[in-house]
Amino acid sequence: NLDRIARNLAQDLDPAYMGVSKLYVGNLDFSTGPDDLKSFFEANGCEKVCDVSVISGPDGRSRGFAFVTFYDVEDGQKGLACNGKECNGRELAVREPNN
């Protein structure tokens, strides 16, 4: 959260701002972390990644999916286009979340 707050402040946004486009990212390798996903989306044309939350179980191990939020809708659309692309040896499943 501190990274997101720092990025928000650097863009003159409210520290609590959570972005406008949230995506589910599944089929992650268990070693994939937030920085890996942020770098993956930036390398695929998404310039404004707001937040990355890799979901882990009670034991602290990754559950193999994450939620990635973007500052604008355009980057969210670019993120959706990453469906099926490879990250850390796995083809990612990228789609809008069910919630």
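In this text, all values refer to a predicted model and were calculated from it rather than measured experimentally.

(A) Representation of the overall build of the chain in the model. When its secondary structure is counted, the chain shows three helices and six strands. Counting from the amino terminus, the chain carries its helices and strands in the arrangement α-β-α-β-β-α-β-β-β. Dimensions along the principal axes, computed over C-alpha positions, put the chain at roughly 35 × 30 × 25 Å. Residue burial in the chain is summarised as follows: out of 99 residues, 36% are buried. Considering only contacts in the chain between residues 6 or more positions apart, those separated by 24 or more positions represent 63%. Carbon and sulfur atoms form 47% of the exposed surface of the chain, whose accessible area is close to 5,700 Å².

(B) Layout of the side chain of serine 21. In this structure, serine 21 sits in strand E1 (residues 21–26). Here serine 21 is in contact with Val68, Thr69, Phe70, Asp72, Val73 and Gly76, once residues within four sequence places are set aside.

(C) How the structure looks around the layout of surface pockets. Approximately 150 Å³ is the volume attributed to the largest pocket. Every residue lining the largest pocket is listed: Asn1, Asp3, Arg4, Arg7, Pro34, Asp35, Lys38, Asp51 and Val52. For the lining of the largest pocket, the secondary structure elements donating two or more residues are helix H1 (2–10), helix H2 (34–43) and strand E2 (49–56). Here the residues of the lining of the largest pocket are counted per class, giving two nonpolar, one polar and six charged.

(D) Region of interest: the confidence of the model for the chain. Mean pLDDT over the chain: 93, with 99% of residues reaching 70 or higher. Mean pLDDT values over the elements of the chain span from 87, in H1, up to 98, in strand E6 (residues 93–95).

(E) Structural context of the state of the cysteines. Within the structure shown, the criterion is met by zero disulfides. Looking at cysteine 50, it has no disulfide partner, and the nearest cysteine sulfur is the one in cysteine 46, 13 Å off. Counting only cysteine sulfurs, cysteine 82 is the nearest neighbor of cysteine 87, a cysteine outside any disulfide, at a range of 9.6 Å. Judged by relative accessible area, which is 6%, cysteine 87 ranks as buried.

(F) Structural context of the environment of phenylalanine 41. As for its position among the elements, phenylalanine 41 is in helix H2. Spatially, the C-alpha atoms of phenylalanine 41 and arginine 90 are 14 Å apart, while their sequence positions differ by 49 residues. Those residues in contact with phenylalanine 41, other than ones at most four positions away along the chain, are Val25, Cys46, Val49, Val68, Phe70, Gly79, Cys82 and Val94.

(G) Spotlight on the sheet that holds E1. As summarised here, the arrangement of the four strands in space is E2-E3-E1-E6, forming an open sheet in which the pairing is antiparallel. The open sheet terminates on both sides in strands that have one partner only, identified here as E2 and E6. Pairwise comparison of adjacent strand axes, ignoring direction, gives a mean angle of 20° for this sheet. Here six bridges tie E2 to strand E3 (residues 62–70), and the two strands are oriented antiparallel to one another.

Cut-offs used in this document
Residues numbered from 1 in each chain as written. Predicted model: local features only at pLDDT ≥ 70, side-chain atom pairs only at ≥ 80, totals over all residues. Heavy atoms only, no water. Helix = DSSP H or I, 4+ residues; strand = E, 2+ residues; numbered from the N terminus. Buried < 20%, exposed > 50% of the residue type's maximum accessible area, 1.4 Å probe, protein only. Contact = heavy atoms within 4.5 Å. Areas by Shrake-Rupley, 256 points an atom, 1.4 Å probe, with all protein chains shown as cover. 1 Å grid on protein atoms, 1.4 Å probe; cavity = no way out; pocket = protein on both sides within 12 Å on 5 of 7 lines; lining within 4 Å. Points joined across faces, edges and corners; volume = space filled by probe spheres on them. Nonpolar A, V, L, I, M, F, W, Y, C, P; charged D, E, K, R; others polar. pLDDT = per-residue confidence, 0-100. Disulfide = S-S within 2.5 Å. Pairing = 2+ DSSP bridges. Axes fitted to C-alpha atoms, helices over the stretch in contact; angles between N-to-C directions.

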